[in-house]
Each structure stands twice: as C-alpha cells, then as structure tokens.
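# Coordinate inspection notes
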Amino acid sequence: MTEPAEVETTGRFLVLLQEDAIEEGVAELGAIAGFDLNSGDLDPETVQVFPELGVAVVSADPNLLAELNGAAERPGPVQIVEPERVVHAFQDDAAPAEEAQAQAVDESVLTWGLQAVGADVSTATGKGVKIAVLDTGWEKNHPDFAGRAITTQSFIAGEDVQDGHGHGTHCIGTSAGPRKPATLPGYGVAYEAEIFAGKVLSNAGSGSDGGILAGIDWAITNGCAVISMSLGADVPAGTPYSQIYETVAQRALAKGTLIIAASGNASSRPGRIAPVGHPARCPSIIAVAAIDVNRAIASFSSGSADKIGQIDVCGPGVDVYSSFKLPEKYKRLRGTSMATPHAAGVAVLIAEKTGARGYELWARLVGAALRLPLPSTDIGAGLVQAP
C-alpha cells in the first residue's frame, strides 16, 4: 500500500472559536460572511455552528477564507482556520486465507472479542451510561434490538439514519449489542447501555469533518459518556494533527465525554507501518489499534509510525462477528473499525462501575489495559479490559 499523497478535502473550512467567547465569535463570523445571527435563517451551505464545541464550518468562498485567516491572526474570538477533510469508514475489506481457518476460541456463546476483553466475566452491563456511535447509521429493523431505547439522528443531507452500508450497525452491535440474541453468539460489550446512533457517514461509507463535528456536538449535548468513531482519513507521515479536533476533544473531556477513534487500516505489515490517521492522531482522542484472535497485531493496523500520532490501546479487530444491515443480519468484518467499539464498550462498562467520566475515564481505560508482548508503538498500553 502506498503512502497517501495528500489528505482529501471538501473545499469548505473549519473555524475554531474561543471557548468563553463563542457568541462573539459567531457574531464576527456573521459579520465576515454577511449573515444576521439573529435572523434564524442561516444557510447551512454558508455556515454551520456547533455551540457545544465552539466550532463552525463555512463555505469555500475564497474572499471569506482570506477574511477568516485575517481574523485568526489577530486577537479575538476567531482562533484557528483549517480545511475540512473527507473521511471514510475504517474497514479493511481484504479476507486473507488464514482467516478461513478454524477459530482458536469457542464462540458458541460469546464472540472471541468479548472473551478477549473480559466482558464475559464482568458484572458490568453499561446500564445507565450513554454511548454515541458516529458512523453510517443504524439498521432500524434489526430484530436483536427490539425493545432497546435507541436515539438516532442523521447528519447526512438527503439520507435518514437507516444504515444502507452496514458498518455502523456492526459497530453499534459490538459496542452495545445483545449478549443473548435469538441466535448465538452474543456480541455486545455494554449490552445495557443507552445507544445514540449518529449518521455522519453516507450509505456509501464517506462523509466530512462537518458531519462528524455535528455528531460530536449532538452527543455532548445529550450527555454521552463515550463517543465511538470507526472512521477517519489516512495521512502521510509527519502530517500535523488537527488543532481544531484536538481542542474539540479537550473541550469534550472537560464536559465529561471521552472520544475513542480508529487508528486506521493503512499498514501492510511487516513491510510497512502507516501512521495513525485523522482524527485519532490527536493527543486527546483515544487511538485504537487492532489485534487478531492470536493476540498478534493485525497486518493492516496503523501504528505510531511518526512522533505525532500515537496508539493508546488495542482491541479485537479481525474476524469480528456482529450485527449488520438486513437482509444479511450478521457479518464478520475486520479493521480498526471493529477494534474501536470493543474499546468504547469497555469504557462504558468502566464508566458504569466507577462513575468515572472524561479525563478520569481515559486514565482508567488505559490503566486497566492488559499488557501484551508487542511494541507499545503498535498497541499502546495494551488490550482493553472490562472491569
């Protein structure tokens, strides 16, 4: 796999506003972009504002960009301007022959992933804790979730939350699906958590920073303790992390919300280890690597290949069985996308058991990880473990 030439962008821009002057920042944006903040008629094609985060997304007008950059360079509520990136579901579609071999773990009752993270012996259920999964949406008619309270919202124009891709339904299943579905094995880590399904990727599996930030803003507003994001963009080594996402993640932690994201699937091991992708490469976002049933690093798993993006923990990410869109209903997938909801589900269990949120939840998740005989640059602190 070759190094990505550059990060794909939409042409729009992200604008970070000073946290204690968000209203003033929006007013300045309005003055620059020529809209009336109080009119209630903001054109989403021109500007979108996420008040919980203190971030706006603005159109690609070059004159507007020049004025925004000027505002960011002088003291005031407009702080940073960055290009908006295109993002994708982090799923590895390859199916090497070795994966067809018999599983080394009995999955007749629970998946190997649940066993690997110790969910099978934990008394925690996730009850009373809210988790947001920002992805391709949710299969609203999946029989395994009948009776579950699931809050949904689509941030993709022209598409409702119904999952036409399957990736989001798979990630929701791993993080918070059932332990005793009609057809075993059980596959959900935090099986009594309150699920918030945000559609930030289209049915084709792609989206943009604006949709993700809208989803994060929604999740924080709704009091979600954990946000799981199996998505991102691969980047060339040495690419700076997004200062806006880093600030958003810090603000989220301060509000009691932990963001957990997939590191990416751009490696081709052993020959090449790719750097952690966007946005997981931000220091204040938990970056998750993938291991297989033998607790070896997955060949595709991106790692700490530069000094910027660092792996924090790892989770089961190869041959992972979970829910899927109908009519398939279930599917086995591989990717750091599959490892991430394992880590997010474990974080929910820890949050339930300890009451920890934000920075404390981060410390407990990383501190409880099981050390494996693999480099920290590949797996961080180790394999996440249920309390």
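Scroll up for the structure.
One structure accompanies this document, and this report is about it. Quick caveat, the model's predicted, so the values are computed rather than measured. (Residues numbered from 1 in each chain as written. Predicted model: local features only at pLDDT ≥ 70, side-chain atom pairs only at ≥ 80, totals over all residues. Heavy atoms only, no water.)

### Concerning the pairing of strand 9 (residues 226–229)
- Every second residue of strand 9 is oriented toward a common face, with V226 and S228 on one face and I227 and M229 on the other, all of them buried.
- Both strand 5 (residues 130–135) and strand 9 contribute to a ladder of four bridges, which runs parallel. Looking across to strand 9, one finds that A132 is bridged to I227.
- The pairing of strand 9 with strand 11 (residues 258–262) spans four bridges and is classified as parallel. Residue pairing in the sheet places M229 in a bridge with A261 of strand 11. (Buried < 20%, exposed > 50% of the residue type's maximum accessible area, 1.4 Å probe, protein only. Helix = DSSP H or I, 4+ residues; strand = E, 2+ residues; numbered from the N terminus. Pairing = 2+ DSSP bridges.)

### Remarks on the sheet that holds strand 5
- The seven strands are arranged 6-7-5-9-11-12-13 in an open sheet whose pairing can be described as parallel. Sheet topology places strand 6 (150–154) and strand 13 (313–316) at the edges, where each strand pairs with a single neighbour. In this sheet, adjacent strand axes meet at a mean angle of 25° when their direction is disregarded.
- Note: strand 6 against strand 7 (residues 194–199), five bridges, orientation parallel. Bridged to T152 within strand 7 is A197.
- Against the sheet, helix 5 (residues 209–221) touches strand 5, strand 6, strand 7, strand 9 and strand 11, its axis set at about 170° to strand 5.
- Lying over the sheet, helix 7 (residues 336–354) contacts strand 5, strand 9, strand 11, strand 12 (286–291) and strand 13, oriented at roughly 160° with respect to strand 11. (Axes fitted to C-alpha atoms, helices over the stretch in contact; angles between N-to-C directions. Contact = heavy atoms within 4.5 Å.)

### With respect to the side chain of S301
- Within the fold, S301 resides in the loop between strand 12 and strand 13.
- If we ignore the near neighbours within four places in the chain, the residues touching S301 are S263, G264, S267, R269, A289, A290 and T336.

### Side note on the nonpolar core
- Counting residues in each nonpolar core, the largest one holds 101 residues, and the members touching the most others are L213, I216, V226, M229, L258, I260 and L365.
- Ranked by residue count, the leading element in this core is helix 7, at 10 residues.
- The residues contacting I260, other than those within four sequence positions of it, are V226, I227, S228, M229, I286, V288, T340, A343, A344, A347 and L365.
- Of all hydrophobic cores here, the second largest spans 15 residues; its members include L17, I32, L64 and V81. (Core = buried A, V, L, I, M, F, W, Y, C linked by side-chain atoms within 4.5 Å.)

### Topic: the pairing of strand 11
- Most of strand 11 sits out of view: five of its five residues are buried.
- Along strand 11, one buried face is formed by L258, I260 and A262 and the opposite face, lined by I259 and A261, is buried too.
- Looking at chain direction, strand 11 and strand 12 are connected through three bridges and run parallel. Its bridge partner lying in strand 12, I260 is registered against I286.

### A look at unusual backbone geometry
- Cis rather than trans, the peptide bond between L184 and P185 has omega equal to 15°.
- Along the chain, P185 turns up in the loop between helix 4 (167–176) and strand 7.
- Backbone torsion omega between L326 and P327 reads 10°, so that peptide bond is classified as cis.
- Although it is not a glycine, R295 adopts a positive phi angle of roughly 60°.

### Topic: the packing of helix 5 against helix 6 (residues 243–254)
- Contact pair helix 5 / helix 6: the axes reach a minimum separation of 11 Å and the direction vectors enclose 10°. On the basis of the axis angle, helix 5 is roughly parallel to helix 6. For the pair formed by helix 5 and helix 6, the contact residues are D209, I212, L213, I216 and I220 on the first element and Y245, V248 and A252 on the second.
- Class assignment of the residues belonging to the contact of helix 5 with helix 6 gives a composition of seven nonpolar, no polar and one charged. (Parallel < 35°, antiparallel > 145°, perpendicular 65-115°, else oblique. Nonpolar A, V, L, I, M, F, W, Y, C, P; charged D, E, K, R; others polar.)

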